[in-house]
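Coordinate inspection notes
Letter by letter, the chains look like this.
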Amino acid sequence: KDKSAASKDSSPEEASKRQEDGAETPKQQLLDIIGNMKVEVSYRKKLQQLKASESKKQALNRGEGPDSEGSLPQGTAEDTQRGKPLNPELVKAASAVASSLPRNQKQTESELLAQLRRHEETTDKQKKGGIINLRNVISEMTVKRQTPAQRNVRLSGRISLQLDEDGQKIRPGRSSAQSVDSRRSLKVGKRLNIFTKASTEPEHALKTVSSPTIWDLEFAKEVAAVTAQPPRNGFEEMIQWTKEGILWEFPIDNEVGMEDDAEFHEHIFLDKHLEGFPKEGPIRHFMELVICGLSKNPYLTVKQKVEHIEWFQKYFEEKKELLQEI
Amino acid sequence: MAAAALCWALRAARQVLPPPCPRQVRSYYVDWRMLRDVKRRKTAYEHADERLRINAIRKNSILPKELQEVADKEIAALPRDSCPVRIRNRCVLTSRPRGVKRRWRLSRIVFRHFADHAQMSGVQRAMW
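Note that the coordinates shown come from a computational prediction; the quantities given were computed from them, not determined experimentally. (Residues numbered from 1 in each chain as written. Chains lettered and ligands numbered in written order. Predicted model: local features only at pLDDT ≥ 70, side-chain atom pairs only at ≥ 80, totals over all residues. Heavy atoms only, no water.)

The next subject is the overall build of chain B. Check the secondary structure of chain B and you find five helices and two strands. Ordered by position from the N terminus, the helices and strands of chain B form the series α-α-α-α-β-β-α. Here chain B holds 128 residues, and 25% of them are scored as buried. Within chain B, counting contacts between residues at least 6 apart in sequence, those at least 24 apart form 41% of the total. Accessible surface for chain B amounts to roughly 10,400 Å². Of this, 56% is attributable to carbon and sulfur atoms. (Helix = DSSP H or I, 4+ residues; strand = E, 2+ residues; numbered from the N terminus. Buried < 20%, exposed > 50% of the residue type's maximum accessible area, 1.4 Å probe, protein only. Contact = heavy atoms within 4.5 Å. Areas by Shrake-Rupley, 256 points an atom, 1.4 Å probe, with all protein chains shown as cover.)

Quick look at the overall build of chain A now. A tally of helices and strands in chain A yields 15 helices and zero strands. By the burial criterion, 29% of the 326 residues in chain A qualify as buried. Taking the intrachain contacts of chain A between residues at least 6 apart in sequence as the baseline, contacts between residues at least 24 apart amount to 76%. Element-wise, carbon and sulfur atoms account for 55% of the exposed surface of chain A, whose accessible area totals about 23,500 Å².

This next bit is on the pattern of salt bridges. When charged atoms on two side chains of opposite charge get close, those side chains can pair. Scanning the entire structure with this criterion turns up ten salt bridges over all chains. Across the salt bridge formed by Arg232(A) and Glu236(A), the nearest N and O atoms sit 2.7 Å from each other. Each of Arg40(B), Asp81(B) and Arg86(B) takes part in one network of salt bridges that share partners. (Salt bridge = Lys/Arg side-chain N within 4 Å of Asp/Glu carboxyl O.)

A few words on the nonpolar core. Phe277(A), Phe286(A), Met287(A), Phe312(A), Phe316(A) and Ile57(B) are the most contacted members of the largest nonpolar core, which has 23 residues in total. Looking at this core, the elements that each hand over two or more residues are helix 13 (282–295) and helix 14 (302–318) of chain A together with helix 3 (48–58) and helix 4 (65–77) of chain B. Here this core gets six residues from one element, more than from any other, and that element is helix 13 of chain A. (Core = buried A, V, L, I, M, F, W, Y, C linked by side-chain atoms within 4.5 Å.)

Residue and element names in this part refer to chain A. Scored by pLDDT, chain A comes out at a mean of 71, with 56% of its residues at no less than 70. In the model of chain A, helix 4 (residues 68–82) stands out as the element of lowest mean pLDDT, 43, in contrast to helix 11 (residues 234–244), which has the highest, 94. Residue range residues 3–23 is modelled with pLDDT below 50. Its contacts to residues more than four positions away, or to other chains, number 106 contacts. Predicted confidence is poor over residues 160–164, with pLDDT under 50, and the contacts of this stretch with residues over four places away or in other chains come to five contacts. (pLDDT = per-residue confidence, 0-100.)

When helix 3 of chain B is considered as a whole, its buried residues turn out to be Arg51(B), Arg53(B), Ile54(B) and Ile57(B). Seen from one end, helix 3 of chain B has its buried residues packed into an arc of 165 degrees, which puts them on one side. On its buried face, helix 3 of chain B sits against helix 13 and helix 14 of chain A together with helix 4 of chain B. (Arc of directions from axis to C-beta.)

On the surface, a cluster of negative charge is contributed by Glu307(A), Glu310(A), Asp49(B) and Glu50(B). Of all the elements in the fold, those that place two or more residues in the negative patch are helix 14 of chain A together with helix 3 of chain B. Relative to the elements of secondary structure, Glu307(A) occurs in helix 14. (Patch = residues over 30% accessible without salt bridge, like charges linked within 9 Å, V, L, I, M, F, W, Y side chains within 5 Å. Lys, Arg positive; Asp, Glu negative; His and termini not counted. Charge placed at Lys NZ, Arg CZ, Asp CG, Glu CD.)

Take the interface of chain B and chain A next. Each side of the interface is counted separately: chain B has 25 residues, and chain A has 25 residues. Summing both sides of the interface, chain B and chain A together bury roughly 2,300 Å²; the carbon and sulfur share of this comes to 75%. Inspection of the chain B/chain A interface yields one salt bridge. Lys319(A) is paired through a salt bridge with Glu74(B); the nearest N and O atoms lie 2.6 Å apart. Counting across the interface, chain B meets chain A through two residue pairs in polar contact (both at pLDDT 80 or more). For the side of chain B that touches chain A, the secondary-structure elements that each account for two or more residues are helix 1 (2–16), helix 3 and helix 4 of chain B. (Buried area = accessible area lost by both parts, 1.4 Å probe. Polar contact = N/O pair within 3.5 Å; in protein donor to acceptor, adjacent residues only side chain to side chain.)

This part covers the packing of aromatic side chains. Residue and element names in this part refer to chain A. Applying the stated criterion to the full structure yields eight aromatic pairs over all chains. Considering the side-chain rings of Trp311 and Phe312, the 5.3 Å spacing of their centres and the 85 degrees angle between planes classify their relative orientation as edge-to-face. Judged by relative accessible area, Trp311 falls into the buried class, the value being 16%. Summarising the aromatic geometry, the rings of Trp311 and Tyr315 are spaced 5.2 Å apart at their centres and angled 10 degrees between planes, so their arrangement reads as stacked. Here Trp311 and its partner Tyr315 are both found in helix 14, four residues apart, which amounts to about one turn of the helix. (Phe/Tyr/Trp six-rings, centres within 6.5 Å; stacked < 30°, edge-to-face > 60°.)

Let us now look at a nonpolar patch on the surface. A cluster of nonpolar side chains, Leu192(A), Ile194(A) and Phe195(A), forms an exposed patch at the surface whose accessible area comes to about 440 Å². Looking at where Leu192(A) falls in the secondary structure, it is placed in the loop between helix 9 (171–187) and helix 10 (214–227).

As a further point, take the environment of Asn89(B). Residues and elements named next belong to chain B. Along the polypeptide, Asn89 turns up in the loop between helix 4 and strand 1 (100–101). By relative accessible area, Asn89 is classed as partly exposed at 34%. Once the C-alpha coordinates of Asn89 and Leu106 are considered, the two residues, 17 residues apart in sequence, prove to be 9.3 Å apart. Once you skip the residues sitting within four places of it in the chain, Asn89 turns out to touch Arg41, Pro97, Val100 and Arg102. A polar contact is formed between the side chain of Asn89 and the side chain of Arg41, at a distance of 3.1 Å.

Further remarks concern the environment of Arg80(B). All names here are of chain B. Looking at where Arg80 falls in the secondary structure, it is placed in the loop between helix 4 and strand 1. Overall, Arg80 belongs to the exposed group, its relative accessible area being 66%. Considered as a pair, Arg80 and Ala44 are 36 residues apart in the sequence and their alpha carbons are 9.2 Å apart.

So, in structure tokens, the structure goes:
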């Protein structure tokens, strides 16, 4: 069957090229070529392709007659377009087959060449990464058709790999293909029922403990005390000290414990706190000086500054009678 | 029941295992003078803000003098130990009032003792 398939692929090439010669019969030429060639293609692929090609040829080839000369340059043009130089023998054989079969030679040739391309691509792929095919074969152990979907995926992946300008492989295509294959191999087959599905019971609501009892606290303390082994080396000692707070954390953060979230304007513009004071007089003058000093103080927090001003306010209110005597 | 058993096991284990290495804890001050100094420092810290503010009123050329006299009286009414002047930087280990280096808070004798035993980090006998 392989030989016949190969022959049919190779014959059109031969026939179209040698029609000019017209000396040998195309079939004989085909046979000679096939005898020399060794085509490594899977069984079913070939059959499918042949069937497809035959059906197409029967439909179309009755129209046009022999256009060998026209088809040749077209064939060559198509070859060059594809970018991959096919084996010239294969090309010849394809042309011979196309000519031998009673159909449109151009289209048959083109289809055969396309199929040949696919053959070559698949063989290359198998050479490079034949793991996928092997897995399929081994897992299933029966010759199954490669679904056209898988084929298309692989082709698209390949083409995308070739055409991607960045040079980066398009991972999703490949991974999806691989996953599809693996999924097929994983999910196919009888269930062994070794593993019982873990029953995901809804965990009972946590026991609402109002507050940890004293006994719980004591227990926790005891556990901590027992498990706390004396440090084995200096590093563990330093770790312990850091946890206790004796040792600072390195790299030293100068702003540890200092959480001043106030903006700079809250530190500097303290006039709004002076509302409780009389607007004129020595007290106001004095308080403005106080505020000037506070605005320049970087060590106090805003809260402390406000407290400072409020203390003064309270103090002066207490002394109001005295001040009015003056 | 399980908790009780575990507790017992823990206590037994704790008795067997030595407690983690204890650090030197100073439970007594070296002498009474040191204790009084400690008290003075505490009260000074508590009244520091008040003293600052009242002094700000006192050392003033803007406010009327009557107000400043009142402030004088107020500050005098504060506890005597609240003034920072009464604090004496004593040696931390021996409570020696004199010959104390501020950086190490140690008297000269103790400092020399530790330095010679190479227990002072970065301190070396001078030679030039």
